[in-house]
Amino acid sequence: MKHTPSVVLGLCSYTHDSSAALLVDGELIGFVEEERLSGQKHTKLYPARAVAWLLDQAKLTAADVGTVAYNFQPARYLAESSAALRLALSPAARDRALARAHGFAKVAVRTQRRLWLIGRQFPAARVAPVLHHRAHQLTAFAASGWDEAAVLVVDSLGERQTTSIARGHDTLRPRAQTLEAINDPASLGYVYGAVTEHLGWRRGDEEGTVMALAALGDPARFRHLFTQAVRTTATGFHINPAYFPTRTLTSGYERTSRRFVTETCPERHPSEPLAEVHQDLAAALQERTEQVMVHLARRARVLTGSRRLCVGGGVATNCVSIGQIIEAGIFDEVFVPSAPGDAGTAIGAALAVHVSGRSPRPVAGVARSCYLGPSFEDLALDLTPWPGLHQKTLGIETAEFLADQLAHGTIAGLFQGAVEAGPRALGNRSILASPLEPGVVERLNATVKFREPFRPFAPMVLAERAGEFFTLGQQAPYMSMASGVTDKTRERVPAIVHANGTSRLQTVTKAQNPFMHAVLTAFGCRTGVPVLINTSLNVKGKPICGTPEMALDCLASSGLDALFLEGRWITK
């Protein structure tokens, strides 16, 4: 009898960071964020390009999809709508009770309609809504490859939940049992986004800029305010609405209060210069975020008894907080997946459906995988649309060639292999530079990335030599952890040390990325330092380049010196 495969398509769509993942008989065929193919950063649109690529990879059609797993459950929003009316009894929140009830009800209806729209794309499939935090939990735990771990998810909002602690177990059929959850309006992600917006940056996009700015400020100035605004409890935390008014999910309602403005500073317009007060506000926000994240990690340790921790959700991209959890020694090891934000929940949603179904097949292709998107190795390159660019084909010693160019001061784009999952540059879609080159950080910010001058650049290092330069004490494959540095780093490569004395580290093994391991080895042989600056292949406001065309546009429109594109060296 012919076997009919179990085909599960996981989707993140219609909110932000649209993406798709495909499981066939439990094996992850691939995952890609729609922005990497469309060029529209944080796109909310249905991931048509991502879905088409995945089905083509599996040699399937839309009619072959048995289940579409969606990363939200509309009924949970509706439950919060009725619960919101209780806020009418609270003097601090009663003015928003009706707006909140209406907002959550409206999102519930909208989410239900999205499920219907998705179902129309797949005639033979059932559409399965998956609890948002469950999707986050399974993405983080399954990607770790561990058989058991604590799982902490912290984000802005998933239906009602903003924080959850679970115990993950079973490598072959990953499952996560939620032990404790915190509901909105207690949301660490909401607070960080609100202050990001107050400081003049885009909420949901530029929180990393605020994290970088925090290193320049003094948290003492607003420490008391954030202690009052974000109060820890025995089991978690809650938010003081006197500073951060209750969320409504309806436009026109401010996220910070008049009291917050009076006690800090007026809202900054993006065109205004940065002042000391802005740096201090960012510093206090970041300090409190770190304190609460460590507090939650300790709670996860108590609840699960686990010695390992997986962290997911948007707040997991706050690498300084992750570094603080590691330094606290609460767990033997901490893991953050390459795509901890909402895009990655496409994988977790698909996993949730697979492990709860009848298929006996174990999950494969998820653990420690990040190079999951399209590749273009056999590309026939035509540079006609870019008349100012020139190419030459390289020989077999491509890693040696690239290392030599970098050692001589070239800032090069790198486009090779499959598109990475997640927001960091992981060695396939990167901009590489020597940290030994004078003024390299200033040049990268001003002429290549076009971003704020205080933004740091992350180092990548040979995993076997990481201990010479960094104090983290564990692997950091996805550039998601801030590490302290050694005296050798301060002396030899100060360009990679941020103002707070840390570096957002990426360790590289030969098994993980053979080409980048070879480049780092060759660069180390030339310079004595097996460390390179590694940032994503894009400029500010654009997504990471997922296609050759996007990469060539990046080269042509920025201060990049050259682009290494699948064995070709392209220059201006």
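Please refer to the structure placed before this passage.
Quick look at the structure, then. (Residues numbered from 1 in each chain as written. Predicted model: local features only at pLDDT ≥ 70, side-chain atom pairs only at ≥ 80, totals over all residues. Heavy atoms only, no water.)

**Comments concerning the overall build of the protein**
Where we set the bar: Starting at the N terminus, helices and strands are each numbered in turn, a helix being any DSSP run of H or I of at least four residues and a strand any DSSP run of E of at least two. Restricting the calculation to C-alpha atoms gives the radius of gyration, and the globule rule supplies 2.2 Å times the number of residues raised to the power 0.38. We call a residue buried when its accessible area falls under 20% of the maximum for its residue type, exposed when it is over 50%, and partly exposed in between, using a 1.4 Å probe and counting protein chains only. The contact rule is simple, with two residues in contact once any of their heavy atoms fall within 4.5 Å. Working definition of accessibility: Shrake-Rupley area with a 1.4 Å probe, residue cover restricted to the visible protein chains. Charged-residue counts in this description rest on Lys and Arg as positive and Asp and Glu as negative, His and the chain ends being excluded. The atoms used to mark charge sites are NZ of Lys, CZ of Arg, CG of Asp and CD of Glu.
Looking only at helices and strands, one finds 18 helices and 21 strands in the protein. In terms of C-alpha radius of gyration, the protein reaches 23 Å, essentially the compact-globule figure of 25 Å for 572 residues. Each principal axis of the C-alpha distribution contributes one length, and for the protein these read about 70 × 70 × 45 Å. Burial analysis of the protein (572 residues in total) assigns 60% to the buried set. Of the contacts formed within the protein by residues at least 6 apart in sequence, a portion of 71% connects residues at least 24 apart. Counting only carbon and sulfur atoms, one obtains 52% of the accessible surface of the protein, whose full area is about 21,900 Å². Taken as two groups, the 59 positive and 52 negative side-chain charges of the protein have centres that lie 6 Å from each other.

**Focus on the nonpolar core**
Quick reminder of the rule: Joining through side-chain atoms within 4.5 Å is the link that ties buried Ala, Val, Leu, Ile, Met, Phe, Trp, Tyr and Cys residues into a set, and such a set is a nonpolar core.
In this structure, Phe226, Phe244 and Leu309 are the most contacted members of the largest nonpolar core, which totals 95 residues. Among the elements that make up this core, the one with the highest residue count is helix H10 (residues 276-304) (11 residues). The residues touching phenylalanine 244, leaving out its near neighbours within four places in the chain, are Tyr190, Val191, Ala194, Val195, Phe226, Ala229, Ile239, Arg255, Thr256 and Phe260. Counting residues in each nonpolar core, the second largest holds 39 residues, with Leu138, Ala352, Val355 and Cys370 among its members.

**Describing the packing of aromatic side chains**
Put simply, the rule reads: In this analysis, rings of Phe, Tyr and Trp, with Trp reduced to its six-membered ring, are considered paired at centre separations within 6.5 Å, and the interplanar angle assigns stacked below 30 degrees, edge-to-face beyond 60, and tilted for intermediate values.
By the definition in use, this model includes 14 aromatic pairs. Note on tyrosine 70 and phenylalanine 72: the rings are 6.2 Å apart at their centroids and 55 degrees apart in plane angle, and the pair reads as tilted. Residues tyrosine 70 and phenylalanine 72 agree in their burial class; the two are buried. Measuring from ring centre to ring centre gives 6.5 Å for phenylalanine 226 and phenylalanine 244, while their planes differ by 35 degrees; the resulting arrangement is tilted. Here phenylalanine 244 lies in the loop between strand E10 (236-239) and helix H9 (258-263) and phenylalanine 226 lies in helix H8 (residues 223-229), a separation of 18 residues in the sequence. Neither residue differs from the other here; phenylalanine 226 and phenylalanine 244 are each classed as buried.

**A short note on the packing of helix H6 (residues 188-198) against helix H7 (residues 207-214)**
Selection criterion: Only the contacting stretch of a helix is used when fitting its axis, a line to C-alpha atoms as for every element, and angles between N-to-C directions run 0 to 180 degrees. Oblique is the label for every angle not falling under 35 degrees (roughly parallel), over 145 degrees (roughly antiparallel), or within 65 to 115 degrees (roughly perpendicular). As a working rule, the residues Ala, Val, Leu, Ile, Met, Phe, Trp, Tyr, Cys and Pro are called nonpolar, Asp, Glu, Lys and Arg charged, and the rest polar, with Gly in that last group.
Two elements in contact, H6 and H7, have axes separated by 9 Å at closest approach and are oriented at 80 degrees. With respect to H7, the element H6 is oriented roughly perpendicular. On the side of H6, the interface is formed by Tyr192, Gly193 and Thr196, while H7 contributes Glu207, Val210 and Met211. For the contact of H6 with H7, the per-class residue count stands at 3 nonpolar, 2 polar and 1 charged.

**Some thoughts on the sheet that holds strand E7 (residues 161-169)**
What counts, and what does not: The rule for pairing is simple: two strands pair if DSSP sees at least two bridges between them.
Strands sit in the order E8-E7-E6-E11-E12 across an open sheet of 5 strands; the sheet is mixed. Only two strands of the sheet have a single partner each, and these edge strands are strand E8 (175-183) and strand E12 (333-335). The average undirected angle you get between the axes of adjacent strands in this sheet is 20 degrees. As defined by bridge partners, strand E11 (residues 308-312) adjoins E12 across 3 bridges and the pair is classed as parallel.

**Examining the packing of H6 against H10**
The N-to-C vectors of H6 and H10 enclose an angle of 170 degrees; their axes lie 11 Å apart at closest approach. One finds that H6 runs roughly antiparallel with respect to H10. Between H6 and H10, the contacting residues are Leu188, Val191, Tyr192, Val195 and His198 on the first element and Leu281, Leu285, Gln286, Thr289, Val292 and Met293 on the second. Broken down by class, the residue content of the contact of H6 with H10 amounts to 8 nonpolar, 3 polar and no charged.

**Notes on the sheet that holds strand E16 (residues 459-462)**
Ordered in space as E13-E21-E20-E14-E15-E19-E16-E18-E17, the 9 strands form an open sheet in which the pairing is mixed. Edge positions in the sheet fall to strand E13 (390-393) and strand E17 (481-484), since each of these pairs with one other strand and no more. Across the sheet, the axes of successive neighbouring strands diverge by a mean angle of 35 degrees, strand direction being ignored. Bridge count between E16 and strand E19 (residues 531-536): 3 bridges; the pairing is antiparallel. Within E19, the residue paired with methionine 460 across the bridge is leucine 532. Its contacts with the sheet place helix H14 (residues 440-449) against strand E15 (429-433) and E19, and it is angled at close to 140 degrees to E15.

Interpretation in functional terms is not warranted from these geometric data alone.
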